[in-house]
Amino acid sequence: MPKNAQPLEGVRDSVSPSDADPEQPAGNVRPPADSASALQSESGALPDDAAAPSAAPSYRRRRQMQVPLLFLSVFIIATCGLGYELIAGTVASYLLGDSVTQFSTAIGLYLFALGIGAYLSRFFDREDELTTRFIDIELAVALLGGFAAAILMLTFAHAAWFRPVLYSVIVATGTLVGLEVPLLLRILRRSMEFKELVARVLTVDYVGSLAASLLFPLLLVPRLGLVRTSLLFGLLNAAVGLWGTFLLRDSLRRVVALRLRCLLVLGALLAGFAFADHITSLAEDGLYADDVILSRNSPYQRIVITRGKSSFQLFLNGNLQFSSADEYRYHEALVHPAMLKAQRQQGRAPQRVLILGGGDGLAARELLRYGSIDEITMIDLDPVMTELARTFPLLKEQNNASLSSTKVHVHNADAMQWLEEHARKRDPRRWDVAVIDFPDPSSFAVGKLYTTHFYRLLRGALAPGGTAVVQSTSPLFARRSFWCIVRTLEEGGFFAYPYHAFVPSFGEWGYVLAVPRPTGLAAAGQTQPLLDFPSASLPPGLRYIDDAMLRALFVLSPDMRRPTREAGEASDDSELVPNRLNNQILVSYYEREWKRWN
Amino acid sequence: MARLPTASSGGPSRRDVLAAGLASLSAGCLPRRDPGLGHIRGEILGPSDGRGHSLRDGGEGLRGRAIAEQERVDVAILGGGVAGLSAAWRLSRAGLDHFRVLELEDELGGTSRPGENHVTTYPWGAHYLPVPSRNLDALCELLRELDILRGFDAGGRALCREETLCRAPQERVFFKGRWYEGLYLRVGASAEDQRQFERFHDEVSRWVKAVSSDGRRAFSLPRAHSAPEVAAELDQLTMATYLDRLGLSSWRLRWYVDYACRDDFGLRATQCSAWAGMHYFAARLLHGDDSPPEVLTWPEGNGYLVRRLAQHVGDESASRRGRLRPRSLVVDVRALPNAGPGADTVEVLYLDLSQDPDPRKAPLCSLRARRAIWALPAFLRRHVLADYRQRPDSVPAWLQQFTYAPWLVANLTLRRAHAAPVAAAPVSVSARGAGFPPCWDNVLIESPSLGYVVATHQREAPIVPRSQGGDGQPRTVWTYYLPLSDGDPKDERARLLKLSWADARDRVLADLGRAEPTVRRDTERIDFFRWGHGMVRPVPGLLTGAALAQAALPRGGVHFAHSDLSGMALFEEAHHAGVRAAEEVLTALDASFEPWA
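For clarity, every value in this text was computed on a predicted model and none was experimentally measured. (Residues numbered from 1 in each chain as written. Chains lettered and ligands numbered in written order. Predicted model: local features only at pLDDT ≥ 70, side-chain atom pairs only at ≥ 80, totals over all residues. Heavy atoms only, no water.)

## Remarks on a nonpolar patch on the surface
- A cluster of nonpolar side chains, A:L210, A:L214, A:L215, A:L218 and A:L219, forms an exposed patch at the surface whose accessible area comes to about 470 Å².
- Among the structural elements, A:L214 can be located in helix α5 (residues 194-247). (Patch = residues over 30% accessible without salt bridge, like charges linked within 9 Å, V, L, I, M, F, W, Y side chains within 5 Å. Areas by Shrake-Rupley, 256 points an atom, 1.4 Å probe, with all protein chains shown as cover. Salt bridge = Lys/Arg side-chain N within 4 Å of Asp/Glu carboxyl O. Helix = DSSP H or I, 4+ residues; strand = E, 2+ residues; numbered from the N terminus.)

Below is the structure:
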């Protein structure tokens, strides 16, 4: 976005009769109190009467040597100015989603702040301090702009604070940057005529903008990440400030103190650059295809959210949990078959639902489509995850603020211990539907949540006619693991109905619908009943599941079906062993199978 | 792969040096205190050696005072460990509830005693029980009563509730910077190592099948059901010599066997009877079934069984007037003049330390009983049994054969999670970081210790969030076991008792630190138990000699029950001994019962 709104208010004063004379140095109208002297530092004498023809040749020669250097500063300043703008826009759209709105808002606000800066520049009255102020402003821009991304990254997780901080940073940076060019024009105006000055400054400004807008997405952010890019712009600004103390030293007061300040700011930015990894987890950026916009360590896991062009993704310990682009497929397939099955079995719409895992709030979103549900109890281990799902804007938007619903009660607990307590305390609560949405059984800590012991406890928490559904990894990529879960559910006292959905981010994905098998005399010799669903009972607004698709989900292609010895499949271990606490066989199945694909 | 010198092959290794360092615990030549451990708290908690030693050192002054209280019961049970509580349980199951259990310590359980802190319960000693085979009738009955055992499968294997079985992953070993699954180090094994491993396995199988002419197994649990004559020659050898004779020199096999001896008996393979060593491997295997039984465990180890037993046999649990009497120091056991059938035969004098913890001031109480069950270690007999005490020359020589291995047990409270992160990457199980993920039992190969067992393996400790006054950090407790098996047990015991808390802390952290680099940082607290007489030592000659049988014979009105009567400190043996002694008493008292022992 070009800074074409750069006002030239500060230039107005410099318009003078002498503009008409191309040979006249711009500084001849008033006694050059400060700035032009910098261009004459070699002579040591201020051109008190710059109009004197004798001074003109040497003056011009020196100007020819030094003006390009000053314009290089303008170029750098322009590059940095646009850089901050891009950072603000990028961070806002990364973190708050809806990139059109966020980018427009951030850029608009930034440009408006440039105007504020330009307007404020008229209050810098004392011409003799103009250069000093300019360098101070460079340093302020360097600090604020340089640390802008870091500040925003550190505050964004606290959503309540994030927007005020974001907009304050944008306005403050914009205002400071807005001061730069007017002051620079005033400093330079005496060294050249106005039309040349405006032409050159604006040209360099726009070229700098082009440089920034190309470097930013192509080189800087991919290589350095947002935080270091922001710090790099700050370093450039501070360097311009330091350099200015040399270029403009004759018009400066207390040069030593000023240089010290420059060095301090440079030092702070360099330290920030060196420790950027500690500010956020930039080191992780390389692990993910897209930019990391959030990474949090909870006591249980590392939570990372990345953002690509049109979607964002949630990773737990590096494993993709969902992509906003296609999670509706996953979650619709997870929730709706179980809801309908429970309705069929109970002869009424389910009212009480238990979610185990599912801390992202997306399964809850699907459940809240049913008006019949009065209460959803969610048991998720990680308070950091559920808190993010409740407050982090992108997640909150994606889950439709489901975790803030008065119907949803979140308990942060280990699901197995919670179920054990439920059984031990003879808790009378029972649930019509249980949605089990744990991460894949890739570690023993998660594998225990897929055991016969766990499913027996689960069975005890279901109301008569209740139904459970278990996300069950991929029946294609991890076929044995998938069928091990089926086998474990059967061993745990359920009729199991395996099904699948295609989720582009994951590939073929598997679930098991589980209905408690009757016990006692009635159970003797009972075979698994056929699956049927009530028709026309799905809530409106679904994108993946309809009545026809509902049935299609339960059709598995031969390469995903239960491995059999006869088929010669999985010859190494064709008898599936149920996953128990004391064998955790599923974790080894899972590890073996996924290794083939990684 | 470099060969690790073993006991029989070559010069000192790092392990030996470390072992020597640990063996010289507090021997006055300690390295300088480890700085940077100031954040770690803890203390030496027990057992109460001062109380026990007053028996040895207190003289007759302990018994000379006036009797403050008198009581009479049917059975006095001396010792509230597994044997004593099992005896009480057996009496109780036969309807005989008029008994007292006198226990020196504040808490019942002996070396199966549980501990507890704000994180979890944890063991102070024995921490698991293999699922018993069907022939252990009494133990199966107990487990059924506690709703742990649900029945038997067609092959006679006990079926236990899934949540009481030790969860996977169970064991790993640390070697040269990495953890590996299992206890036997398979990685890097040569063809010869493998051959020797199989050879040893064949030898075990041979003994599993071996039976006497009357059909008793050569190695069985309880030991009393074995046919010792079948493998009597093994009790003349040490396990190390036995392996030498079999031509088994593979260091990893020898380490494994040595570990087994230290784990079960607190002895090195060079000290342990080959009979005991083979019993470890063969007794729990069923004929034709190669896989060893699953193990039952709880966060507090066998302390769980102790607590449940105490609940089942106690009344007003552990109150001063109840059946179970902790803080009771038995100082005298004497036979009463025979006053005819049904009369009291034994008088037990004990100091009631619950009224005054100082044995010199505590009131002396008298407990008269028709029978007494001695569920204390045999070495105490000469300090307590009146006739031995009064006539030291009458102490039989076989009593000297009972020697005991000292142990140091540490419980470390750590600020870290036990298990791998919830959603570890798919290949995390074997391929990441320091190797195989944390297990229940974590064993260090190059260490004199047995490594550590994780109390939160069976049940994770909940994380207390800040909002509830916690700090939101996961915590766990590790129980670290160090058998002091290198020197003479008396010397080792003397060193152990001189060991200060800070010395012990430094040693434990140095040992664990090799495998767990952040242990120094993560440890918040270390507490210790110094078990001076931790386990009876099955040295060659004890198990097939006369001492065990002699020691189990009733004397006067006293019946004997303790794991040391089997020569092996196992839960099954302690339970069996308690039940057997209780059944002797039931017979003597003419009670009707169906024998289990």
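## Let's talk about the packing of aromatic side chains
- On inspection of all chains with the given rule, the structure shows 37 aromatic pairs over all chains.
- For the ring pair A:F444 and B:F436, a centre distance of 6.1 Å and an interplane angle of 55° mean the geometry is tilted. Placement of A:F444 in helix α13 (residues 444-447) and of B:F436 in the loop between α13 (428-431) and β17 (441-444) is noted, with the two residues assigned to different chains. Accessibility assignment for this pair places A:F444 and B:F436 in one class, buried.
- Judged by centre distance (4.7 Å) and plane angle (10°), the ring pair of B:W298 and B:Y304 falls under stacked.
- Here the aromatic residues A:Y330, A:Y499, A:F506, A:W509, A:Y511, A:F533 and A:F554 are joined through ring pairs into a cluster of three or more.
- The residue whose ring lies beneath A:R122 is A:F123, and the NZ or CZ to ring-centre distance is 5.5 Å.
- Looking at B:R90, its charged tip hangs above the ring of B:W596, at a distance of 4.0 Å from the centre. (Phe/Tyr/Trp six-rings, centres within 6.5 Å; stacked < 30°, edge-to-face > 60°. Buried < 20%, exposed > 50% of the residue type's maximum accessible area, 1.4 Å probe, protein only. Lys NZ or Arg CZ within 6 Å of the ring centre and 35° of its normal.)

## What about the pairing of strand β16 (residues 404-414) of chain B?
- Counting buried residues along β16(B), 11 of its 11 residues qualify, which places the element largely inside the surrounding structure.
- Alternating positions in β16(B) separate into two faces, B:Y404, B:P406, B:L408, B:A410, B:L412 and B:L414 on one and B:A405, B:W407, B:V409, B:N411 and B:T413 on the other, with burial throughout.

## A few points about the sheet that holds strand β20 (residues 523-536) of chain B
All names here are of chain B.
- Read across the sheet, 8 strands follow the order β1-β20-β16-β19-β18-β17-β9-β10 without closing on themselves; strand pairing throughout is mixed. The sheet terminates laterally at β1 (44-46) and β10 (178-181), the two strands that pair on one side only. Neighbour to neighbour, the strand axes of the sheet diverge by 25° on average, direction disregarded.
- Sheet analysis places strand β9 (residues 171-175) next to β10, joined by 4 bridges and oriented antiparallel. Residue pairing across strands places R172 opposite E181, the latter belonging to β10.
- Running over the sheet, helix α14 (residues 489-498) touches β16 and β20 and is turned about 30° from β16. (Pairing = 2+ DSSP bridges. Axes fitted to C-alpha atoms, helices over the stretch in contact; angles between N-to-C directions. Contact = heavy atoms within 4.5 Å.)

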